[in-house]
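One-letter residues, chain by chain:
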Amino acid sequence: MNSLVVMSVFAAAVVLRLVLRLWLIGRQIRHVARHRDAVPADFAGTVTLEAHRKAADYTIARQRLELLTTAWGSAVLLGWTLLGGLDLLNIAVRDAVLPRGGDLAYQIALVMAVSVIGSLIDLPFDLWRTFRLEQRFGFNRMTFGLWLKDAAVGAVVGAVVGVPLLALVLWLMAAAGPLWWLWAFAALAGFTLLMQVVYPTVIAPMFNKFQPLADEALKGRVEALMQRCGFRAQGLFVMDGSRRSAHANAYFTGFGASKRVVFFDTLLSRLTPGEVEAVLAHELGHFHHRHVPKRILTLMGVWLASLALLGWLMGQAAFYTGLGVQPNMLAPNHALALLLLMLAGPVFGFLLAPLTAASSRRHEFEADAYACRQASGADLRAALLKLFQDNASTLTPDPVYVRFHYSHPPASERLAALAGR
């Protein structure tokens, strides 16, 4: 493997991804702007021009911010790699930590340093998105104090959960021999399954309050629906999503006995009982078709392939030098290899976006079809229309942009499919 070839391929891939993403965003902005002043005929009787314009303006504002973050993200990526940022940071962390803390402490410190610096680099955009863009369109309900609390709790939870897992993976890379990647994959897979149990009962309550559903009539209706669908849950909960955002949602989470159904309080305040039942029936459609296990298995397959690839790449000096890093001579390179994979992997994975988005949209159509068999299709259409309006989702997205980025079908396609049932 030649370092110049690696550098050239990587640079070309970064430029190609940047150009493609900017082109798609530009298409979306122009398409939505062209249709801003006319409600689509299928929605003329149900969506006001004012609501349609708000959705268009919100979409355009988000896409303009995406233009900036996309260009900035590409610049930061090149800064970490080809321009030597990761190499300089590695030298500084290695010289400061390795003599006193040893190999493992140095590698953990390097990964944590990259994570902290990356978060600080993204911080201005996160603040702008929350307190300017979302605030402007009436969605943000988070105070700066709550934002700080969430950030602090998230950092602590990330460290408590992430550092031991990182230490385990790095130890396996050093101690488990040439097939370390199989053991590392087993550790990651086990951790993922464990989090399906721990997250809804331990971690999520650190950020939101979950109260049992108090509406007995709605509770009875929901329990009857779950019984028809063969779904058992630990409980029905209402989450205080309104503390942070006006956006609404419902979902089920957990694994095995820890499964629970969660409604945003904003959802319950907007929908009728029949519409709530229809939305939950859609979520149960994902359960019926085993979409979540399928997505987890797909993700694990990607992890396994990536770790196997890394097992080969980390033995190639050109992998490091071609991405702007000089490998360590007297210290392990496992953390460097992991970081380079995490930085470079998404550049090439972006080309798979249309496939993953298409699969996700197909799952949504399947869940809608299931919901129409278990609940009222008319209630589901009414609920979705309210949610599209409340979330200011544009009714006129660019078709090409949809194919790359939409994990859910556009409103026009989704409601048209429901109308035919």
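These numbers were taken from a predicted model, which means no experiment stands behind them.

Digging into the overall build of the protein chain
Thinking step 1. Scanning the protein chain for helices and strands turns up 15 helices and four strands.
Thinking step 2. The C-alpha radius of gyration of the protein chain comes to 24 Å, within 12% of the 22 Å expected for a compact globule of 421 residues.
Thinking step 3. Referenced to the eigenvectors of the C-alpha coordinate spread, the extents of the protein chain come out at roughly 70 × 50 × 40 Å.
Thinking step 4. Taking contacts inside the protein chain between residues at least 6 apart in sequence as the whole, the part at least 24 apart equals 76%.
Thinking step 5. Each charge sign in the protein chain was given a centre, from 38 positive and 27 negative side chains, and these centres are 2 Å apart.

Considering unusual backbone geometry
Thinking step 1. Of note in the backbone geometry, R290 takes a positive phi value of approximately 55° without being a glycine.
Thinking step 2. Relative to the assigned elements, R290 resides in the loop between α8 (273-288) and α9 (291-313).
Thinking step 3. For A392, which is not glycine, the phi torsion reads 55° and is therefore positive.

Comments concerning the nonpolar core
Thinking step 1. The biggest cluster of nonpolar side chains holds 51 residues, and the ones touching the most others in it are L86, L110, M173, W180, L310 and F319.
Thinking step 2. Setting aside its immediate chain neighbours within four residues, L110 contacts L86, L89, N90, V93, A335, L336 and L339.
Thinking step 3. Core analysis: the second largest hydrophobic core is formed by 45 residues, V39, V261, V276 and C372 among them.

What to know about a nonpolar patch on the surface
Thinking step 1. A surface patch of nonpolar side chains, about 330 Å² in accessible area, is lined by M1, L309 and W312.
Thinking step 2. Following the sequence through the fold, L309 ends up in helix α9.

Quick word on the side chain of T69
Thinking step 1. Within the fold, T69 resides in helix α2 (residues 49-80).
Thinking step 2. Other than its neighbours up to four places away in sequence, T69 contacts F125 and R129.

A short note on the UniProt feature "transmembrane region" (unreviewed entry) in the protein chain
Thinking step 1. Per the UniProt record, "transmembrane region" (unreviewed entry) is annotated on residues 6-26, 71-92, 104-125, 146-174, 180-199, 296-315 and 335-355.
Thinking step 2. The distance separating the terminal C-alpha atoms of residues 180-199 is 27 Å; by composition the span is 100% helix and 0% strand.
Thinking step 3. Span residues 335-355 is 86% helix and 0% strand, its end C-alpha atoms 30 Å apart.

Examining the pairing of strand β4 (residues 260-264)
Thinking step 1. Buried residues dominate β4, accounting for five of its five residues.
Thinking step 2. The two faces of β4 match: R260, V262 and F264 on one face and V261 and F263 on the other face are all buried.
Thinking step 3. The sheet contact formed by strand β2 (residues 236-239) and β4 spans four bridges and is parallel. Residue pairing for β4: V238 is matched across the bridge by F263.
Thinking step 4. In this structure, strand β3 (residues 250-253) lies alongside β4, joined through four bridges in antiparallel fashion. Bridging across to β4, T253 finds its partner in R260.

Quick notes on the environment of S376
Thinking step 1. Tracing the backbone shows S376 in the loop between α12 (353-374) and α13 (377-390).
Thinking step 2. Given a relative accessible area of 30%, S376 falls into the partly exposed group.
Thinking step 3. Separated by 102 residues in sequence, S376 and G274 place their C-alpha atoms 7.4 Å apart.
Thinking step 4. Here A378 takes part through its backbone nitrogen, which lies 3.3 Å from a polar atom of the side chain of S376.

Considerations on the state of the cysteines
In protein structure, a disulfide is the covalent linkage between the sulfur atoms of two cysteines.
Thinking step 1. Counted according to the given criterion, the structure contains zero disulfides.
Thinking step 2. The thiol of C229 is not disulfide-bonded; the next cysteine sulfur, from C372, is found 12 Å away.

Observations regarding the sheet that holds β4
Sheet strands pair via backbone hydrogen bonds, and the direction of the pair is either parallel or antiparallel.
Thinking step 1. Pairing within the open sheet is mixed, and its four strands lie in the order β1-β2-β4-β3. Of all the strands in the sheet, the pair left with one neighbour each is β1 (210-212) and β3. Between one strand axis and the next, the sheet turns by 30° as a mean value, whatever way the strands run.
Thinking step 2. Taken strand by strand, helix α6 (residues 216-229) contacts β2 and β4, and its axis lies near 125° from that of β2.

Reading the values: rules and limits
Residues numbered from 1 in each chain as written. Predicted model: local features only at pLDDT ≥ 70, side-chain atom pairs only at ≥ 80, totals over all residues. Heavy atoms only, no water. Helix = DSSP H or I, 4+ residues; strand = E, 2+ residues; numbered from the N terminus. Rg over C-alpha atoms; globule rule 2.2 N^0.38 Å. Contact = heavy atoms within 4.5 Å. Lys, Arg positive; Asp, Glu negative; His and termini not counted. Charge placed at Lys NZ, Arg CZ, Asp CG, Glu CD. Core = buried A, V, L, I, M, F, W, Y, C linked by side-chain atoms within 4.5 Å. Buried < 20%, exposed > 50% of the residue type's maximum accessible area, 1.4 Å probe, protein only. Patch = residues over 30% accessible without salt bridge, like charges linked within 9 Å, V, L, I, M, F, W, Y side chains within 5 Å. Areas by Shrake-Rupley, 256 points an atom, 1.4 Å probe, with all protein chains shown as cover. Salt bridge = Lys/Arg side-chain N within 4 Å of Asp/Glu carboxyl O. UniProt positions renumbered as here; feature names shortened; annotations may be inferred. Pairing = 2+ DSSP bridges. Polar contact = N/O pair within 3.5 Å; in protein donor to acceptor, adjacent residues only side chain to side chain. Disulfide = S-S within 2.5 Å. Axes fitted to C-alpha atoms, helices over the stretch in contact; angles between N-to-C directions.

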